[in-house]
Amino acid sequence: MDLLSIDSLSEAQIGLILDRADHFFTTTREGRPDEPLKGRIVFNLFYENSTRTAMSFATAAHRLGASAISLSVEHSSVKKGETLEDTARTLNAMRPDAVVIRHRDNGAPATVAAIMEAPVINAGDGTNEHPTQALLDAATIRKHFGQIEGLTVAICGDIRHSRVARSNAKLLPRLGVEVRLAGPPELMPADAPGLSIDEAIAGADVVMMLRVQRERLEQELGDRPGEYLERYGLTQSRLATAKSHSVVMHPGPMNRGVEIDPAVADDPQRSLITLQVEMGVALRMACLEMLVGGSA
Ligand code: NCD
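Note that the structure is predicted; figures quoted are calculated from it, not measured.

**Q** Mind showing me how you'd approach the domain arrangement of the protein chain here?
**A** Many descriptions give the size of an interface as the accessible area lost when the pieces come together. Partitioning the protein chain into domains gives domain 1 (6–129 + 278–292) and domain 2 (131–276). Contact with domain 1, which involves 32 residues of that partner, is made by 28 residues of domain 2. Roughly 2500 Å² is buried in total at the junction of domain 1 and domain 2, and carbon and sulfur atoms are behind 56% of that figure. For the interface between domain 1 and domain 2, the tally reads six salt bridges. Between Arg-163 and Glu-48 there is a salt bridge whose closest N-O contact spans 2.9 Å. Scanning the region where domain 1 abuts domain 2 turns up 18 residue pairs in polar contact (both at pLDDT 80 or more). Of all the secondary structure elements, the ones that give two or more residues to the side of domain 1 that touches domain 2 are helix 1 (11–29), helix 2 (52–63), strand 3 (98–103), strand 4 (120–125) and helix 11 (273–292). Partitioned by chemical class, the residues of the side of domain 1 that touches domain 2 number 11 nonpolar, nine polar and 12 charged.

Written out as structure tokens, the structure is:
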């Protein structure tokens, strides 16, 4: 099977992935080796910039005993005009055990999956989906609160361009979470009018901020520095309206001082941002194990 969208997963598979992520989180912290994929090969194809997701998939593969091989897109034949389909046929002939792909075009992972015999994992396609990010967000929330059902999660910011928001909006309600989407009117999708930032944050258990995706925007937002933070960002005074035990998340990379006040991002009591990164490796171990190890 492939992991192209949250829709690719059954309830049972979601439960299994979250449980195994928790297991790998603990075994990693305790330094206990766990190498069910020894000798396997994972190809990482990142056609778009990435720090967290690329390193996290590579680390996850290595921790499972597999080898991760990254295509250096800058130096690849894409630069000579090779099509994605031809690249997929070429890589398929090398018989990898899994392929992880990030691409700026919506649907590119599905195009590759239609050609590849090995499982394909979508590591983010355009403005479409980023299923392993949503899964790691859910695993992080569950780890922190001990459970996820019944919580309220406010997802705020550039909803229109966010594959993270799309995948979370599909996944979290399946786990019993109330999802509130909010953002500046020009950054909300036409089909999801949403709430104001203040309405979304009031009384929330989790406030998940999204990066303003400048690379996908035609014009700058706001005329002066600090305007976005004041109007739509997560400031300490906005966070004070959420539940007293509420936590802050961000998939990264952050625009400090734009969508989030640095003091909020760095607050050790409230910020789960580095826990998200740590859980990200464990979660990707769980996905690779399920897809490559044959427990799907
Ligand atoms: C996100 C992405 O690339 O979709 N980052 C990530 O994977 N952690 C969010 C973003 O780029 O803003």
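**Q** What should I look at first to understand the site of the ligand in this one?
**A** Around the ligand, the structure places Arg-52, Thr-53, Arg-102, His-130, Gln-133, Arg-163, Val-164, Arg-211, Gln-213, Pro-251, Gly-252 and Pro-253. Within the side chain of Gln-133, an N or O atom sits 3.3 Å from a nitrogen atom of the ligand. Between the ligand and the protein, one listed contact pairs an oxygen atom with a side-chain N or O atom of Arg-211 at 2.7 Å. Protein coverage of the free-state accessible area of the ligand, which is 320 Å², stands at 94%. In this structure, the ligand is accommodated by the largest pocket. Listed by contribution, the elements that provide at least two residues to the shell around the ligand are helix 2 and helix 6 (163–174). Residues of the shell around the ligand, tallied by class, amount to three nonpolar, five polar and four charged.

**Q** Help me understand the pairing of strand 2 (residues 67–71) in this model?
**A** Both faces of the sheet carry side chains from a regular strand, because those side chains alternate between them. For strand 1 (residues 41–46) and strand 2, the ladder comprises five bridges, and the chain directions are parallel. Directly across from Leu-45, in strand 2, lies its bridge partner Leu-71. Of the crossover connections in this fold, the one passing from strand 1 over helix 2 to the parallel strand 2 is right-handed.

**Q** Looking at this structure, I do not really get the nonpolar core. What am I missing?
**A** If you look at soluble globular proteins, the nonpolar side chains tend to sit buried side by side. If you look at the biggest cluster of nonpolar residues, it comprises 61 residues, and the most contacted ones within it are Ile-17, Leu-135, Val-153, Ile-155, Leu-171 and Leu-288. Composition of this core by domain shows at least three residues from each of domain 1 (6–129 + 278–292) and domain 2 (131–276). The contact partners of Val-153, leaving out residues within four places of it in the chain, are Ile-141, Leu-172, Val-177, Glu-178, Val-179, Arg-180, Val-206 and Met-208. Counting residues in hydrophobic clusters, the runner-up holds 22 residues, among them Val-212, Leu-239, Val-248 and Ala-265.

**Q** Before we go on, may I ask you to explain helix 1 in this structure?
**A** Residues that lie three or four places apart on an α-helix share one face, since the helix turns once every 3.6 residues. The end-to-end C-alpha distance of helix 1, which contains 19 residues, comes to 27 Å, matching closely the 27 Å that a straight helix rising 1.5 Å per residue would cover. Those residues of helix 1 not exposed but buried are Gln-13, Ile-14, Ile-17, Leu-18, Ala-21, Phe-24, Phe-25 and Thr-27. Close packing links the buried residues of helix 1 with helix 5 (131–145), helix 6 and helix 11. Looking one or two places after helix 1, you find Gly-31, whose phi comes out positive at around 65 degrees.

The rules we used
- Positions within a chain are numbered from 1, following the residues in the order the chain's sequence is written.
- Side-chain atom pairs in this predicted model are given and counted only at pLDDT of 80 or more, local residue features only at pLDDT of at least 70, and totals for whole chains, interfaces and linings cover all residues.
- Only hydrogens and water are set aside when side-chain values are computed; all heavy atoms of the structure are taken into account.
- Each domain's extent was defined by an automatic or database domain assignment.
- Residue contacts are counted whenever heavy atoms from the two residues lie within 4.5 Å of one another.
- The term buried area means the drop in 1.4 Å probe accessible area that two parts suffer when joined, counted for both and summed.
- Between Lys or Arg on one side and Asp or Glu on the other, a salt bridge is scored when a side-chain nitrogen of the former is within 4 Å of a carboxyl oxygen of the latter.
- Between N or O atoms, a polar contact is any pair within 3.5 Å; within protein, one atom must be a potential hydrogen donor and the other a potential acceptor, and residues adjacent in sequence are included only when both atoms are from side chains.
- Every helix listed is a DSSP run of H or I at least four residues long, and every strand listed is a run of E at least two residues long, numbered separately from the N terminus.
- Residue polarity follows a fixed list, in which Ala, Val, Leu, Ile, Met, Phe, Trp, Tyr, Cys and Pro are nonpolar, Asp, Glu, Lys and Arg are charged, and the others, Gly among them, are polar.
- Near residues are defined by distance, with any heavy atom within 4 Å of the molecule or strand qualifying the residue.
- Surface exposure here means Shrake-Rupley accessible area, sampled with a 1.4 Å probe, where a residue is shielded only by the protein chains that are shown.
- Only protein atoms enter the 1 Å grid, on which a cavity is a set of points fitting a 1.4 Å probe that cannot get out and a pocket is an open set with protein on both sides within 12 Å along at least 5 of 7 lines, lining residues being those with an atom within 4 Å of a point.
- Should more than half of a molecule's atoms lie within 2 Å of a pocket's or cavity's grid points, that molecule is taken to sit in it.
- Two strands qualify as a pair provided DSSP detects at least 2 bridges between them.
- If you view a crossover with the strands going away from you and the path from the first strand over the helix to the second runs clockwise, you call it right-handed.
- Side-chain atoms within 4.5 Å are what join buried Ala, Val, Leu, Ile, Met, Phe, Trp, Tyr and Cys residues into a set we call a nonpolar core.
- Remark: exposure states derive from per-residue accessible area (1.4 Å probe, protein chains only) relative to the maximum for the residue type, with buried under 20%, exposed over 50%, and partly exposed in between.
- What a helix is expected to span follows from its residue count: subtract one and scale by 1.5 Å.

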